[in-house]
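Per-entry structural report
Chain by chain, the residues:
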Amino acid sequence: GFKQYCALLFYKGALLRDPHSILIQQTENVQAGRQIRFKNTEDILKLKKVIKDYIFEAVEIEKSNLIIPTNKVSDYEVPEELKIIFKENPTFKNAFEKLTPGRQKGYLLHFSKAKQSSTRLARINKYTNRILSGKGLNDCICGLSKRMPNCDGSHKGTGTIS
């Protein structure tokens, strides 16, 4: 849930025409999904016809089986620190390459966002065990999540860290 708004999400929203300029790309890294945000019920009622038009178009897109081309793992920058660790530790490199493309992209984005080499290295070291065990950046490692594989915070208050 969102605290400041509710949203109607479109899984293939990037394919929708947006004549009213109301579709929002949640974050810079979301490639396909878009959403319409509402701060109150009046916003929804005011846009009722427009919302229906967007929903009908989304249904037609889904029926047509259109696929959104997404970035490949090879499109993402591999930080120099990670390249060095891959050379030094083939087991780690192999574990990273066995991760799903989405998990690999998540780590590459997270590691690359750090401005300083020391921070990139710290991030890589922090997530090494998680990568070696085949887990993604946001995957639950405590086993208590009700929303597996993602961590939903169920571990909080149990003394277990995810």
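Please refer to the structure higher up on the page.
What comes next is a walk through the structure. Owing to the predicted nature of the structure, the values given are computational and were not obtained by experimental measurement. (Residues numbered from 1 in each chain as written. Predicted model: local features only at pLDDT ≥ 70, side-chain atom pairs only at ≥ 80, totals over all residues. Heavy atoms only, no water.)

A few words now on the packing of helix α5 (residues 101–113) against helix α6 (residues 117–132). Interaxial distance between α5 and α6 falls to 8 Å at its minimum, and their mutual angle equals 155°. The angle between α5 and α6 falls in the class roughly antiparallel. Crossing of α5 against α6: the hand is right-handed. Taking contact as the criterion, the partners of Tyr107, His110, Phe111 and Lys113 in α5 are, on α6, Arg120, Arg123, Ile124, Tyr127, Arg130 and Ile131. (Axes fitted to C-alpha atoms, helices over the stretch in contact; angles between N-to-C directions. Helix = DSSP H or I, 4+ residues; strand = E, 2+ residues; numbered from the N terminus. Parallel < 35°, antiparallel > 145°, perpendicular 65-115°, else oblique. Left-handed = near helix turned anticlockwise from the far one by under 90°. Contact = heavy atoms within 4.5 Å.)

Charged atoms that come close allow side chains of opposite charge to pair. Tallied over the full model, the rule gives eight salt bridges. One salt bridge in this structure joins glutamate 80 and lysine 83, with 3.9 Å as the shortest N-O distance. Taken together, the residues glutamate 80 and lysine 83, both in helix α3 (residues 80–88) and three residues apart, mark about one turn of the helix. Look at glutamate 80 and you get partly exposed, because its relative accessible area is 49%. According to the relative accessible area criterion, lysine 83 is partly exposed, its value standing at 40%. A salt bridge links arginine 103 to aspartate 139, with the shortest nitrogen-to-oxygen separation between them at 2.6 Å. Within this pair, whereas arginine 103 is found in helix α5, its partner aspartate 139 is found in the segment after α6, the two being separated by 36 residues in sequence. (Salt bridge = Lys/Arg side-chain N within 4 Å of Asp/Glu carboxyl O. Buried < 20%, exposed > 50% of the residue type's maximum accessible area, 1.4 Å probe, protein only.)

With that out of the way, let us pick up the packing of aromatic side chains. Counting across every chain of the model gives five aromatic pairs. Look at phenylalanine 86 and phenylalanine 96: their rings are 5.4 Å apart centre to centre, the planes differ by 50°, and that puts the pair in the tilted class. Pair noted here: phenylalanine 86 is in helix α3 and phenylalanine 96 is in helix α4 (residues 90–98), with a separation of 10 residues, a long-range link. Of the two residues examined, phenylalanine 86 and phenylalanine 96, each falls in the buried class. Each member of the aromatic cluster is reached from another via a ring pair, and the members are Phe86, Phe92, Phe96, Tyr107, Phe111 and Tyr127. (Phe/Tyr/Trp six-rings, centres within 6.5 Å; stacked < 30°, edge-to-face > 60°.)

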